[in-house]
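Each chain is listed here by its residues.
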Amino acid sequence: MFDTLGDKLGNVFDNLTGRGALSEKDVNAAMREIRVALLEADVALPVVKTFVEKIRREAVGEKVIKSIKPGQMVVKIVNDALIDMLGGTLSDEDADKEEAAKATHLNLSGRPPVAILMAGLQGSGKTTTSGKIALYLKKAFKKKILLASLDTNRPAAMEQLGMLAKQADVGFLPIIKGQSALEIAKRAMSEGAKGGYDVVFLDTAGRTTINDELMDEVEAIAKETQPIETLLVADSLTGQDAVETAKRFHERLPLTGLVLTRIDGDGRGGAALSMRAVTGLPIKFLGTGEKLDGLEAFDAERLAGRILG
Ligand code: GDP
């Protein structure tokens with residue numbers, strides 16, 4: 001992902017840094033090229049507009065043009081703006097909260113067991129991501145994890161989560177046929193408390209499209225279990241559809257963060273780049289492979305560095 005965008009921005013940067021002096025015209029031409037590169041990468045239009053305007057405000061003017069290395073200065077401005085767009089810069093108030101969550105990337109404070117609700121469309125990578133984060137929390141933070149599948153429509157999905165729990169060597173809530181998703185969620189929380197678990201993952205049912213039935217169900221589960229984190233898992237390969245899905249889920253659910261899967265895929269990357277700005281939600285993790293170790297705690301600076309090289 002991001003290869004084409006990275007190449008294009010790399011060319012713009014080479015042009016900027018390859019010469020000593022820069023005129024306003026040069027900077028404006030570079031802004032236009034950056035705009036086109038972002039749009040071609042499928043970054044949402046309002047996000048591109050805001051991004052380019054921000055860079056233009058900072059990059060056009062005496063301070064940059066008259067500096068010793070104007071090209072490098074523009075490159076730094078673009079780099080910082082990209083980190084900002086991905087969620088790198090926090091307000092002071094957020095910074096405190098973020099500081100507390102930084103260690104795990106998730107807020108796990110609260111009386112155990114805390115619930116993490118996993119939401120998303122079918123096929124987005126929700127179940128796999130539940131297994132991945134469970135393993136991550138177990139390995140890095142010694143948390144005792146219980147995985148529960150609430151997908152009453154798809155026994156295969158329940159079994160898949162059971163297999164992942166086995167692989168990750170974490171707890172799995174036994175399946176009782178005939179229970180509703182809400183009943184399973186309640187049972188998961190009480191079993192979680194009885195078994196001394198720190199975190200209970202509630203892997204909600206996915207659907208191929210967003211519909212009221214799905215939303216009502218997830219909303220009721222969220223109300224009942226009061227999850228400390230409600231994560232939306234979105235497939236970054238589905239481009240702007242992923243952004244639209246995130247917006248729709250966010251209208252109904254108190255989402256606390258995003259996980260973008262299939263970052264290892266061959267996509268243009270626009271969804272991943274727009275997601276934070278469009279939804280206002282922090283990206284918490286990236287899915288980087290099919291296996292349980294294919295998970296990366298999100299770091300805006302690292303991703304910007306990967307794109308800009
Ligand atoms: P769910 O329906 O949302 O629960 O989706 P699944 O967890 O079953 O994932 C659907 C498919 O996507 C599976 O074949 C997963 O192995 C695969 N998958 C999930 N996350 C990633 C990822 O980050 N990268 C890649 N390459 N494949 C993934």
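Sequence order as written defines residue numbering, which begins from 1 separately in each chain. Totals for whole chains, interfaces and linings use all residues, but because this is a predicted model, local features are given only for residues with pLDDT of at least 70 and pairs of side-chain atoms are given and counted only at 80 or more. No hydrogens and no water enter the side-chain calculation; it runs on all heavy atoms of the structure.

**Q** Let's hear about the confidence of the model for the chain: which residues, and what values?
**A** A residue's pLDDT is the confidence the predictor assigns to it, expressed on a 0 to 100 scale. Chain-level statistics for the chain give a pLDDT mean of 90 and a share of 95% at 70 or above. Taken together, the chains of this predicted complex give a pTM of 0.91 and an interface ipTM of 0.99.

**Q** If you had to explain the site of the ligand to someone new, which residues and values would you point to?
**A** Nearness here has a simple test: a residue counts as near a molecule or strand if at least one of its heavy atoms is within 4 Å of that partner. Near the ligand lie 18 residues; those nearest to it are Gly123, Thr127, Thr128, Arg262 and Asp264. Within the backbone of glycine 125, an N or O atom sits 2.9 Å from an oxygen atom of the ligand. Relative to its free-state accessible area of 580 Å², the ligand is covered by the protein chains to the extent of 82%. Examining the composition of the shell around the ligand, we find that 4 residues originate from one element, helix H7 (residues 126–141), more than from any other. By the criterion applied in these results, polar contacts are pairs of N or O atoms within 3.5 Å in which, for protein atoms, one can donate a hydrogen and the other can accept it, and in which residues neighboring in sequence qualify only through two side-chain atoms. Using a 1.4 Å probe, the Shrake-Rupley method yields the accessible areas, and only the shown protein chains count as cover for residues. Here a helix means four or more residues in a row that DSSP labels H or I, a strand means two or more in a row labelled E, and each is numbered from the N terminus.

**Q** Please provide a residue-by-residue account of the environment of glycine 269, values included.
**A** Relative to the helices and strands, glycine 269 is located in the loop between strand E6 (257–261) and helix H12 (270–279). Considered as a pair, glycine 269 and valine 47 are 222 residues apart in the sequence and their alpha carbons are 13 Å apart.

**Q** Can you explain the sheet that holds strand E5 (residues 229–235)? Please cite residues and give values.
**A** Pairing within the open sheet is mixed, and its 8 strands lie in the order E3-E2-E4-E1-E5-E6-E7-E8. At either end of the open sheet lies a strand with only one pairing partner, and these are strand E3 (171–172) and strand E8 (295–297). The sheet contact formed by strand E1 (residues 114–119) and strand E4 (residues 199–203) spans 5 bridges and is parallel. Counted as the bridge partner of alanine 115 is valine 200 from E4. At least two DSSP bridges between two strands are required for those strands to pair.

**Q** How would you sum up the nonpolar core? Please name residues and give values.
**A** Nonpolar core, defined: a set of buried Ala, Val, Leu, Ile, Met, Phe, Trp, Tyr and Cys residues in which side-chain atoms within 4.5 Å join the residues together. Residue exposure (1.4 Å probe, protein chains only): buried if accessible area is under 20% of the type maximum, exposed if over 50%, otherwise partly exposed. Counting residues in each nonpolar core, the largest one holds 79 residues, and the members touching the most others are Phe51, Leu82, Leu202, Phe249, Leu273 and Ile307. Per-element accounting of this core gives the leading share, 8 residues, to helix H5 (residues 70–85). Only heavy atoms enter the contact rule, under which two residues are in contact if any of them lie within 4.5 Å. When neighbours within four sequence positions are excluded, phenylalanine 249 is seen to be in contact with Ala119, Gly120, Leu121, Ile210, Leu214, Met215, Leu232 and Leu255. Of all hydrophobic cores here, the second largest spans 24 residues; its members include Val114, Leu161, Val170 and Leu231.

**Q** Could you give an account of the pattern of salt bridges, naming the residues involved and the relevant values?
**A** Once their charged atoms are close, side chains differing in charge can pair, the charge on each being opposite to the other. Note on definitions: salt bridges are taken to be side-chain nitrogens of Lys or Arg within 4 Å of carboxyl oxygens of Asp or Glu. Summed over the entire model, instances satisfying the criterion amount to 18 salt bridges. Here aspartate 80 makes a salt bridge to lysine 76, at a shortest N to O gap of 2.6 Å. One end of the pair is aspartate 80 and the other is lysine 76, both in helix H5 and 4 residues apart, which spans about a single turn. Note on aspartate 80: relative accessible area 35%, which makes it partly exposed. For the salt bridge of glutamate 219 with arginine 252, the shortest nitrogen-to-oxygen distance reads 3.0 Å. Of this pair, glutamate 219 sits in helix H10 (residues 212–225) while arginine 252 is found in helix H11 (residues 240–252), placing the two residues 33 residues apart along the sequence. Within the structure, one salt-bridge network assembled from shared partners comprises Asp212, Asp216, Glu219 and Arg252.

**Q** Provide a residue-level description of the pairing of strand E7 (residues 283–287), including the pertinent values.
**A** Judged by how many residues are buried, E7 sits mostly within the fold: 5 of 5 residues are covered. Across 3 bridges, the pairing between E6 and E7 is parallel. Directly across from valine 259, in E7, lies its bridge partner phenylalanine 285. Handedness of the E6-H12-E7 crossover: right-handed. Where E7 meets E8, 3 bridges bridge the pair, whose relative direction is antiparallel. Pairing of glycine 287 across the sheet is with leucine 295, part of E8. Crossovers are marked right-handed if the path from the first strand over the helix to the second runs clockwise, as seen with the strands pointing away from the viewer.

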